[in-house]
Amino acid sequence: MKISTLVTAACVAFQGTAAAVVSGKPSTFIRDYDKRDLLQDVVTWDEHSLFIHGKRAMIFSGEVHPWRLPVPSLWLDLFEKIKALGYNTVSFYVDWNLLEGKQGEFRADGVFAYEPFFEAATKAGIWLIARPGPYINAEVAAGGLPGWLQRIKGMIRTNADDYMEATELYVASIGAIIAKAQITNGGPVILYQPENEYSGGIPPAVFPDAPYFQRVIDQVRKAGIVVPLINNDAWSGGHNAPGTGLGEVDIYAHDNYPIGFDCSDPTVWPANGLRTDQYSTRVEISPNTPYTIPEFQGGAFSPWGGWPIDKCAELVNQEAERVLYKNNYAAGISIMNLYMTYGGLNWGNLGHYGGFSTYDYGAAIKADRTITREKYSEAKLQAQFLKASPDYLTAVPTNLSTTLYTDNVNLAVTPVIGSEAPSSFYIVRHNIYNSTETTTYRLNIATSAGKLTVPRLGGKLTLNGRDSKVHVTDYNVGGTTLLYSTAEVFTWKKFDSGKVLILYGGPEELHEASIVSTAKPTIIEGKGVTTKSIDGNVVLQWKTSASRSIVKIGDLSVYILDRNSAYNYWVPDLADGSAVIVKAGYLVRTAATKGNTLQLTGDFNATTPFEVIGAPKSAKKLTINGQPVAIETSKSTGSWHGLVKYQRPFINIPDLERLQWKSTDALPEIQTSYADSAWPSADKKTSTNTYRNLTTPTSLYSSDYGFHYGYLIYRGHFVATGQETTITIYTQGRNAYGTSAWLNGVDLGSNAGDAIVGDTNTTYTLGKLSKGKKYVLTMLMDNMGYDGNWVIGSDSMKNPNGILHYEFAGRKQSDITWKLTGNLGGEDYVDKTRGPLNEGGLFPERQGWHQQKPPTNGWKASKPTTGISKAGVAFYTAELDLHIPKGWDVPLSFTFKKTKSNEKFRAQLYVNGYQFGKYINNIGPQVDFSVPQGILNYQGSNTVALTLWAQQPSGAKLEGLSLTAGTPVLTALENVELVPMPKYAKRAGAY
Ligand code: GAL
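Residues numbered from 1 in each chain as written. Predicted model: local features only at pLDDT ≥ 70, side-chain atom pairs only at ≥ 80, totals over all residues. Heavy atoms only, no water.

A.B. asks: Sorry if this is basic, but what is going on with the domain arrangement of the protein here?
C.D. replies: Size of an interface, as often reported, equals the accessible area lost when the parts are brought together. The domain boundaries assigned to the protein delineate domain 1 (55-390), domain 2 (394-589), domain 3 (668-821) and domain 4 (842-971). Just the C-alpha atoms count here: the centres of domain 1 and domain 2 sit 33 Å apart. The interface of domain 1 with domain 2 comprises 43 residues on the first partner and 38 residues on the second. Taken together, both faces of the contact between domain 1 and domain 2 bury some 3300 Å²; the carbon and sulfur share is 58%. It is Lys-326, Leu-381 and Phe-385 that lose the most area in domain 1 upon contact with domain 2, and together they represent 20% of the buried surface on that side. Across the domain 1-domain 2 interface, the total number found is 6 salt bridges. We note a salt bridge from Arg-56 to Glu-420, for which the minimum N-O separation is 3.9 Å. Inspection of the region where domain 1 meets domain 2 yields 17 residue pairs in polar contact (both at pLDDT 80 or more). Looking at the side of domain 1 that touches domain 2, the elements that each hand over two or more residues are helix H4 (75-83), helix H11 (318-329) and helix H12 (374-387). Per element, the largest residue contribution to the side of domain 1 that touches domain 2 is 9 residues, and it comes from H12. The residue inventory of the side of domain 1 that touches domain 2, partitioned by class, reads 19 nonpolar, 11 polar and 13 charged. (Domains from an automatic or database assignment. Contact = heavy atoms within 4.5 Å. Buried area = accessible area lost by both parts, 1.4 Å probe. Salt bridge = Lys/Arg side-chain N within 4 Å of Asp/Glu carboxyl O. Polar contact = N/O pair within 3.5 Å; in protein donor to acceptor, adjacent residues only side chain to side chain. Helix = DSSP H or I, 4+ residues; strand = E, 2+ residues; numbered from the N terminus. Nonpolar A, V, L, I, M, F, W, Y, C, P; charged D, E, K, R; others polar.)

Here you go:
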């Protein structure tokens, strides 16, 4: 359906109301926003926020890529961990490259299916923002574009017909899948982003090209998408903003990564990294849409040869979350998605060449799904605060000032002032945002009781370095007014038994809160809080301490915590829209009531005393993870108290070096007896590749033969004349790639790669060859993937890999005839279960030996720590039995031990047929390869396979390989199902 047809259909469907919607406007002219209104009325917006089913909503969202955790039964775990933070939304990219490996064959089933992702989101109560590209960037190979696009003539991401036609099937298919899951159909999807960072272009492309973008939008509408469309401008460039006409989206949005991607020294936040013009720019660009950042920095990625990923978690740590996210609130953001919230894993060659096998991203949730980073807890404090603060949504940012609101010019304050509701929010940070100074101040605020300077009971407030605070005024706590609080609000709830407000502060800070009430305050727990009644207010002042205080004022109990204690509080929703507050430990997932029982689910990594605040009146009993738990009711607070015992289970982790490893040669191609008659001939005399002109008699670009990912092997045949001296070969495989070459089995040398070198010209000296004798030059090459296509007009995605050029000294180029292979079948890939990118072109991969139960009869007993004694590739496989007790979530990873000297070798790790790691000993940095449960069978047998490629004449062996287990977590997570994992079966046509 074209958009015009859709509008007509909608007009017909809405005949009764349509007149009202368009009344006052000429009937023949329907403006764009009217058209959109007619598409649906479930997700609407104004300049402040979205409305969902007519109700204003703060969209607090985390980015998750389901395909970076290819175990559908674990998606609920992620959604619950994100929901527990107080977020209500997850944003996801779709990687086209995984779904249309062969042009015209769209496949989204098994681990690549989206329906289970949508179901899990619905179950957890999470909305979704769909961002399926076609172009996504996302640190994936080719930015998500399938390899076969290298062969089209038209420019990528332009209005060229062949490019647009190439996207048709994908957009129609994924669009239809997502369309079904829209909120208008009862599903979780509320917003849709049809292109990504359409922000920069160069000639010969037309940029920006409104007709192109409109065509993209039309495709999406035709696929049935009716929810609002957003874009993701790479900065506030105003591209495709509403009001720009053709090609405009519904809600303008841009991304922002203020502290960048250099994690080498995580204490360094770039000078002037923080934007202060966000609100004004947004008002200029798109005054009628909610302020939207579809990607705000939630971590960073690390390149080959870069830093261990934990350093990126340190760079974008809890302090960064405080300073950077709160700066967004100072700009009135109401749709904020944190990229990434769970990064996951670049399994099976899906990652880009600028990164390695983990895409952990230093995110709030680690790639192994654990939540021990402090930034997870900090994110919870902020998201729960906004969830409890609906008045924030209509509050309006005013100008930042370093003089008006405090007595210290080193501080910058942005008041976000209540418009439709009285609550205001004063956001304080250091003027030099990355300052590490501790600064004291008094705060000037305007309240319903007039202008005040606080603290009123004396003393000074403190802002520590790399911190930012939201000081609220006239804040509505369920009908009680918090006139102001210098301590931050975590949450508040109105329970049957009274109201609870939780405030927290950083270590050793002085805080003051003023509650409009004439009641006499009673301190029911703790000491150290001073109370004083001033002008119909109860003013509380205290210095933050690790022990809790509770002050009761009328029906309001104010819980006063330090930040570290606040981390242990959770606010799971109940089905009726209410919630309970639970103080526990590692994770509280869900709460429900059944009869007289309150049912909680959660995870525990230690013996945990817990407390339930505000259990519904009807509830008399408690279960945790289905087990009845003894509770005592506190006389002073009415809360329930109990204990969950944790007894660390014995986890038997097999010693990998003691497995029954079997090994075989993985590179028979270098033997003179090897016949490559079944291989594709590299005989194309022309290439359609528009990026690079051929300089060889036949194309040796791997993409011309459908080989895009994983190892490539070339075989060049010639009959010697005796005149040849050298062959110089120019290869490209991108950052950290490597090559090795042999002539009739004789090692010509290897290029072991470099973190930032993507192409090399290598001259091989051939020695004296025998006249009339047949020779084969065999070259193995690691192929790290294609470029993205960020700059429109660069067509950088089409830059090919493989052998790009060669010179044959003493002979003609055409004296060599070439064969090549990559993964068996190329674009007609064999393994439909694990998708088009998972396997490469090594002999054992082509045979399928990396899967379970390979035919090891006749293979020798040898392990990877024994290795091989010359350049070449060995294949290893072993059975690994696991007996992890059920009910425990135990993160497992394979750990390679780096050699003392810089031995040159690289390895690929396969687990039950899925490639879960590329280890490069001489480049690094990754040594730990997390493999999720579901890929690993935790209660049964697994097949581990390894390819070991020695890129030095002395051969190579692993220094060590072990399975490492993290802290076992007693978990509510159930039914982690094994993904489909076809066993080895003889492959037809395997050569
Ligand atoms: C953004 C892009 C994302 C991702 C991110 C960095 O510019 O939209 O796809 O590449 O940068 O992680």
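A.B. asks: Looking at this model, I keep getting lost on the state of the cysteines. Mind explaining?
C.D. replies: Inspection of every chain in the model, using the stated rule, returns 1 disulfide. Cys-263 shares a disulfide with Cys-312; S-S distance 2.2 Å. On the sign convention where negative is left-handed, the bridge of Cys-263 and Cys-312, at about 100 degrees about the S-S bond, is right-handed. Remark: Cys-312 occurs in helix H10 (residues 310-315) and Cys-263 occurs in the loop between helix H8 (210-222) and helix H9 (278-285); sequence separation between them is 49 residues. (Disulfide = S-S within 2.5 Å.)

A.B. asks: I tried to follow the packing of aromatic side chains on my own but got confused; where do I start?
C.D. replies: What characterises a pair of aromatic rings is the spacing of the ring centres plus the angle enclosed by the ring planes. On inspection of all chains with the given rule, the structure shows 52 aromatic pairs. For the pair Phe-92 and Phe-117, a centre-to-centre distance of 5.3 Å together with 70 degrees between the ring planes defines the contact as edge-to-face. Remark: Phe-117 occurs in helix H6 (residues 115-124) and Phe-92 occurs in strand S5 (residues 89-93); sequence separation between them is 25 residues. Phe-117 carries the same exposure label as Phe-92, and that label is buried. Ring centres 6.4 Å apart and planes at 80 degrees place the aromatic pair Tyr-919 and Phe-929 in the edge-to-face group. Remark: Phe-929 occurs in strand S51 (residues 928-930) and Tyr-919 occurs in strand S50 (residues 914-920); sequence separation between them is 10 residues. For Tyr-919, a relative accessible area of 2% corresponds to the buried category. Exposure remark for Phe-929: the relative accessible area of 1% places this residue in the buried category. (Phe/Tyr/Trp six-rings, centres within 6.5 Å; stacked < 30°, edge-to-face > 60°. Buried < 20%, exposed > 50% of the residue type's maximum accessible area, 1.4 Å probe, protein only.)

A.B. asks: Teacher, can you tell me more about the packing of helix H7 (residues 161-180) against H8 here?
C.D. replies: When two helices pack together, you describe them by how their axes are tilted relative to each other and by the distance separating the axes. Taken N-terminus to C-terminus, the directions of H7 and H8 make an angle of 25 degrees; their axes are 10 Å apart at the nearest point. Regarding the angle of H7 to H8, the classification is roughly parallel. Both H7 and H8 take part in a crossing whose hand is right-handed. In this structure, H7 contributes Asp-161, Tyr-163, Met-164, Thr-167, Glu-168 and Val-171 to the contact, and H8 contributes Tyr-212, Arg-215, Val-216, Gln-219, Val-220 and Lys-222. Considering only residue class, the contact of H7 with H8 consists of 6 nonpolar, 2 polar and 4 charged. (Axes fitted to C-alpha atoms, helices over the stretch in contact; angles between N-to-C directions. Parallel < 35°, antiparallel > 145°, perpendicular 65-115°, else oblique. Left-handed = near helix turned anticlockwise from the far one by under 90°.)

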